[in-house]
Amino acid sequence: ADQCVDEGIAQQLAEFGSDIGLVVALLKDTRAPSISSALRTGRISAPIVYALGKDPQIRTLLGRRLRGPGDVEDALNRIQAGGLTDTMLLVNRISARAAARLECLRESEEKEALLTLTRGLGCLPAHADDEPAAMHEEDTHSDASDLRVANMRLRARLQRVRADERGSRERLAIVKEAAGGDFT
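How each quantity is defined
- Residues numbered from 1 in each chain as written.
- Predicted model: local features only at pLDDT ≥ 70, side-chain atom pairs only at ≥ 80, totals over all residues.
- Heavy atoms only, no water.
- Helix = DSSP H or I, 4+ residues; strand = E, 2+ residues; numbered from the N terminus.
- Contact = heavy atoms within 4.5 Å.
- Areas by Shrake-Rupley, 256 points an atom, 1.4 Å probe, with all protein chains shown as cover.
- Salt bridge = Lys/Arg side-chain N within 4 Å of Asp/Glu carboxyl O.

**Student:** Would you mind going over the overall build of the chain with me for this structure?
**Tutor:** Assigned secondary structure in the chain consists of seven helices and zero strands. N-terminal to C-terminal, the α/β element order of the chain is α-α-α-α-α-α-α. Restricting to contacts in the chain with at least 6 residues of sequence separation, those with at least 24 account for 67%. For the chain, the computed accessible surface area is about 11400 Å², with 54% contributed by carbon and sulfur atoms.

Rendered as structure tokens:
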């Protein structure tokens with residue numbers, strides 16, 4: 001069965017796409033118009049969830065369905081103050097995970113373009129090696145998150161190596177067949 005792309009690499013790229021989609025959705029949710037819309041329609045978003053955990057007054061405002069004068073603006077300000085930083089840290093972590101998934105690809109202009117896009121969306125350093133040690137100092141899960149991303153990066157590289165190995169074996173089999181013999 002001829003495959004254009006190794007199944008493991010295809011899975012990594014599909015998960016990359018899901019991660020980027022989630023990053024874009026989270027970034028959209030951080031905009032003031034999106035927060036206001038979510039408040040008016042009752043839609044829960046990451047900034048609202050994070051802010052609810054920090055500011056009990058938001059729960060009070062939502063409990064009265066934002067019907068008081070200035071309730072929507074008050075809730076918006078409180079959510080921006082209490083939920084945006086954690087949401088952006090989440091964007092950063094998911095973007096780092098997405099960038100790690102690209103390790104399954106060989107070096108190319110296309111891979112570099114995807115990495116540049118991912119780093120830009122996720123507010124990541126231009127190169128993975130440039131990440132400052134205190135980048136996630138407010139994030140209590142940064143060590144575990146960093147280890148998961150490093151592990152994911154290694155698994156993606158392993159998939160690339162395995163795909164390369166399968167390709168080399170297939171090419172060797174073709175050469176052996178063409179030469180009419182077994183070269184073991």
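**Student:** Explanation requested: the side chain of Ser95 in the structure shown.
**Tutor:** Among the structural elements, Ser95 can be located in helix 5 (residues 71-101). Discounting chain neighbours no more than four positions away, the residues touching Ser95 are Val23, Thr118, Leu121, Gly122 and Leu124.

**Student:** What should I look at first to understand the pattern of salt bridges in this one?
**Tutor:** Within the structure shown, the criterion is met by 15 salt bridges. Where Asp6 meets Arg166, a salt bridge forms, and the shortest distance between an N and an O atom there is 1.9 Å. Of this pair, Asp6 sits in the segment before helix 1 (7-29) while Arg166 sits in helix 7 (residues 142-179); the two residues are 160 residues apart in sequence, bridging distant segments of the chain. Taken together, the shared-partner salt bridges connect Glu15, Asp19, Arg97 and Arg101 into one network.

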